[in-house]
Amino acid sequence: MNTHGSETTGFIGKFFKKKFFIFLNENGKIITQFLFTALFIGMAAWFISDEKTELHSVSQILSGADISWIAAGLFLVLFYITIQGLMYVTSFASMNIKLSLWSAIILFLKRNFISVFLPAGAVSSLTFFNREIEKKGFTKSHIYFASGIYAFVGILSVVIVAIPSFLFVVSGGSGPGQWYALGGVILILSLFVLVYYSLLNKWRLYDWIIKIYPNAELYVEEIKNNRINRKQFFYTILISVLIEFVGIAHVYISMKALNFTPSLSTAIIAYIVVVIFLIISPFLRGLGAIEVSMTFILIKSGFSSVDSIAITLLFRFFEFWLPLFAGIISFLLKVDKLIMRIFPAVLIFVLGIVNIVSVLTPALPERLLVLKDYLLIGFVSFSNSFVLIAGLFLLVTAAFMLRGLRTAWWFAIALSIISVLGNITKGIDYEEASIALLTVASLLGTRKEYHVKTNPRLGTVGLQTALLSMLAVIVYGVAGFYFLDKKHFQIDFNFAQSLIYTLKNYFLIGSNDLVPRDAFARDFIYLIKISGFASISFLVYSLVRPYVFKVTHTKEEFERANFLTEKYGSSSVDFFKLYSDKFIFVVPDINAFISYRVSKNFAVVLENPVSENIGEMKKCITAFHDYCYENGLKEIYYRVPKDSLPVYLELSGKSLFLGQEGVIDLDSFTLEGGEKKSIRNALNKIKEQGYTTHINTAPLRDGLIQKLGAVSDEWLKNTGREEIIFSQGMFVETEIKQQTVITVENREEKIIAFLNIIPDYVKNEGTYDLLRKTADAPNGIMDYILVELFKYLKTNGVKYINLGFAPLSGMDDPHNFTEKSMKFAYEKIRALSHYKGQREYKEKFNPVWYDKYLIYSNDYDLLQVPAVLAKVIKP
């Protein structure tokens, strides 16, 4: 018998059994929530299936609603949102936290929106969107407690309203529905009392609650220590009670708006039932279950099933869907301007498609008859042409809107207005005109986001626009011919025919065998010819007009930049600010200059400006911003030190953590100790093998430079790398000739590794640029040559050595989604493992790490930054 196999099987069985129970213990709450959610959604699905014959009648009832009462309900929605914000104000005031009404309203709308998508959303949403309040100096515990007051009073007010309401209802007679709701309220009240006394007296339930939700202990202590502002707490209760009455009023108004005889008692019971399901809902805020339960109560109260469904849907429109939509709007108001940039561009693209499809679709005859009384039929064809052309150019404009171009915004406004007028005059297509009006509104609302001026010398913009326009017209023609009804030309076009006829008419050649049979067909040919002529003309215009972005510098400007660097330089990368790949921005009356490169429509600045002081630095940054604005560029600052962040934040810049720079104190650096044993062993082996170090001072001999070049080429080939620049240098013979180079040679005097020392403008600090070796260099050669560099610099009175930048490393406490994503990528993605390797290698020398940041102005720009940086580092 194989007892070992039996024991193994038993072990595996116990292991998986243990894992299974751990899984149930850790995930049971989530599983329960989703089971309840599935039950609620299943109830809704069953309800819709069972009542599908009545739903058609419901739509008829809703369409006949009384507009005046609907308006009253909408006004009450605004009041409801306002007092919800006011309740947040008093809840936070209870903890002596001052919150403006507008901020409180936005906080409510955002939390209400995300609560729909979170498990136990009514509670879990209270931990979100606290950053702005934290910035004012309030602790997380106080903020959470204030939010807890809001939630607690929300439940308390239900009980306060429910008890007298039921006494009122019972006094007028009661039915089964009322007793169900009363039982629910009594249950909630009992649980509330039990939890309250358990927490205050630390009964057994208290231990269980603290185990699940440790922060509850803080709330208990706050209550016991009387730290709550009782006056504001009382105001919170009053406002919450008022909110419950607004909910009851919404049920009552829903009845009146649909022309039913309203019942106050039924409105009270129905609303209380809704709140009960809202409280116990684990997910989606009771969506499905609330509709079913409220309809059930209304039916039991004497309404027909159709009437009950209609009242329920209108009530949910007031209390659920409109606040949810307002929550979406609240995100659009301020989402670091990302959505504000994307949303209008998406609308413009959609409008372009709508315009093209609308022109391809014949107008409704009854609408055309109306137009004939006011417009000439030829004007209708003219409007079709304009709508099509507007649609084609809207598709192109959407792409340039994403870049924040002010000219693209003006184009979009003009094309959208043309779309409004054209869709009305071509067939009273008010549906398409409404989309165009919405687009105009979104553009006006986000106009401040589009401030980048288009530089008339940037040729790619005009060329891309022309080519995209040509492609759009050809695609439109081919699709049109292919899908047109046979009656228009008496031809059932295949793809080849569609393409040929499109190209002939696009280039104005024409085709004798293509005979239009009606006005729609003639207009179709006419549109292709007009659009073809317009797009070809624009292409010629784009090619003829000069569009090259050029920056020229005078000898005096470079001399001034060099003078400022020598006098005010204070960074280890100041040397590269005068590198041949950079443009220089220098203003005569400012003692500062900026070094940058251009990629796409971005000016990428290397670190801070070189400046005399903070004041001159601010002037230079402001002047450069104006310069970029006038030339259609957006500036970003790469590798800005943490100490400089206040300057950029004061000038409305935003920051993103990039990584850290390591600096070694040579006075305290030592090779002693267990952690340096591997370095000592590597150095000893290299010395034993006969390798020697040579310090080569400038100017270097031509023969030596050729040997260094051979090592550099071999290193690039073996590592599969290419030269990169911007914040570092490349192997340039004329430059390295003027630098001190440390080489390591074998017994045959072959150079197997080298590094070059470059100017470092930080006081008492030194640094290096290139560190390269041959394929046959021994292990540890990099450690060896760096230690030799440390010795050389220390001998020459240098106190610190800058080891350079370690990208993405050092992000211990990410503050936002972008930084959290970067941290995850740094730690988990294999393609970025070389960044970890850089950090780990430099960490061996125990440097002090300094944070570096990217400065930008708009969150949408972050989507383009990786591609922009990838381009500027190329020679």
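First, a word on what this report is: a plain description of the structure on this page. (Residues numbered from 1 in each chain as written. Predicted model: local features only at pLDDT ≥ 70, side-chain atom pairs only at ≥ 80, totals over all residues. Heavy atoms only, no water.)

Of regular secondary structure, the chain possesses 33 helices and twelve strands. The buried share of the chain, taken over its 875 residues, is 49%. Considering only residue pairs separated by 6 or more positions, the chain has 75% of its internal contacts joining residues 24 or more positions apart. (Helix = DSSP H or I, 4+ residues; strand = E, 2+ residues; numbered from the N terminus. Buried < 20%, exposed > 50% of the residue type's maximum accessible area, 1.4 Å probe, protein only. Contact = heavy atoms within 4.5 Å.)

This model, assessed by the stated rule, comprises 14 salt bridges. With a closest N to O distance of 3.2 Å, lysine 577 and glutamate 607 form a salt bridge. Here lysine 577 is found in the loop between α23 (555-568) and β1 (583-586), whereas its partner glutamate 607 is found in the loop between β3 (602-606) and β4 (610-611), with 30 residues between them in sequence. As far as the burial class goes, lysine 577 and glutamate 607 line up, both buried. We note a salt bridge from glutamate 723 to arginine 772, for which the minimum N-O separation is 2.8 Å. Highlighted residues: glutamate 723 in the loop between α27 (702-719) and α28 (733-736) and arginine 772 in strand β10 (residues 765-773), separated in sequence by 49 residues. For the pair formed by glutamate 723 and arginine 772, the shared burial category is buried. (Salt bridge = Lys/Arg side-chain N within 4 Å of Asp/Glu carboxyl O.)

Now for the side chain of lysine 676. Looking at where lysine 676 falls in the secondary structure, it is placed in the loop between β6 (654-665) and α26 (677-688). With residues up to four places along the chain from it excluded, the contact list for lysine 676 reads Phe669, Thr670, Leu671, Lys844, Phe845 and Asn846.

Next up on the list: the packing of aromatic side chains. According to the stated counting rule, one finds 28 aromatic pairs in the structure shown. Centroid distance phenylalanine 575 to phenylalanine 576: 5.3 Å. Interplanar angle 75°. Geometry classified as edge-to-face. Given a relative accessible area of 3%, phenylalanine 576 falls into the buried group. A connected cluster of aromatic rings, assembled from ring pairs, spans Phe583, Phe585, Tyr596, Phe624 and Tyr627. Taking NZ or CZ as reference, arginine 316 lies 4.4 Å from the ring centre of phenylalanine 320, over its face. (Phe/Tyr/Trp six-rings, centres within 6.5 Å; stacked < 30°, edge-to-face > 60°. Lys NZ or Arg CZ within 6 Å of the ring centre and 35° of its normal.)

Membership of the largest hydrophobic core comes to 66 residues, with the highest contact counts inside it found for Ile81, Tyr88, Phe92 and Val251. Contributions of two or more residues to this core are made by α3 (67-93), α4 (101-115), α7 (140-171), α11 (230-257), α12 (264-280), α13 (289-300) and α14 (305-333). Setting aside its immediate chain neighbours within four residues, valine 251 contacts Ala267, Ala270, Tyr271, Met294, Ile311 and Phe315. Residues Ile742, Leu771, Leu789 and Leu803 belong to the second largest nonpolar core, which totals 29 residues. (Core = buried A, V, L, I, M, F, W, Y, C linked by side-chain atoms within 4.5 Å.)

This brings us to the environment of glycine 391. The topology assignment puts glycine 391 in helix α17 (residues 377-401). Look at glycine 391 and you get buried, because its relative accessible area is 0%. Other than its neighbours up to four places away in sequence, glycine 391 contacts Gly352, Asn355 and Ile356.

A few words on the packing of α3 against α11. The interhelical angle for the contact between α3 and α11, taken along N-to-C directions, is 165°, at an axis separation of 9 Å. Comparing the axis directions of α3 and α11 gives the class roughly antiparallel. The chirality of how α3 crosses α11 is left-handed. Partitioning the contact of α3 with α11 into residue classes produces 19 nonpolar, eight polar and one charged. (Axes fitted to C-alpha atoms, helices over the stretch in contact; angles between N-to-C directions. Parallel < 35°, antiparallel > 145°, perpendicular 65-115°, else oblique. Left-handed = near helix turned anticlockwise from the far one by under 90°. Nonpolar A, V, L, I, M, F, W, Y, C, P; charged D, E, K, R; others polar.)

By the criterion of burial, β3 is predominantly enclosed, with five of the five residues buried. Judged by which residues are buried, β3 turns out to be covered on both faces: Phe602, Val604 and Leu606 on one side and Ala603 and Val605 on the other are all buried. Here strand β2 (residues 592-599) pairs with β3 via four bridges, running antiparallel. The residue bridging serine 599 from the neighbouring strand is phenylalanine 602, located in β3. In textbook terms, the turn of a hairpin is the stretch between consecutive antiparallel strands, and for β2 and β3 this stretch comprises two residues, one of which, lysine 600, has a positive phi near 55°. Note: β3 against strand β5 (residues 634-641), five bridges, orientation parallel. Pairing of leucine 606 across the sheet is with tyrosine 638, part of β5. (Pairing = 2+ DSSP bridges.)

Moving on, we come to the environment of leucine 645. Relative to the helices and strands, leucine 645 resides in helix α25 (residues 645-650). When the C-alpha positions of leucine 645 and serine 655 are compared, they lie 7.5 Å apart, and in sequence the two are ten residues distant. If we ignore the near neighbours within four places in the chain, the residues touching leucine 645 are Ser655, Tyr853 and Ile855.

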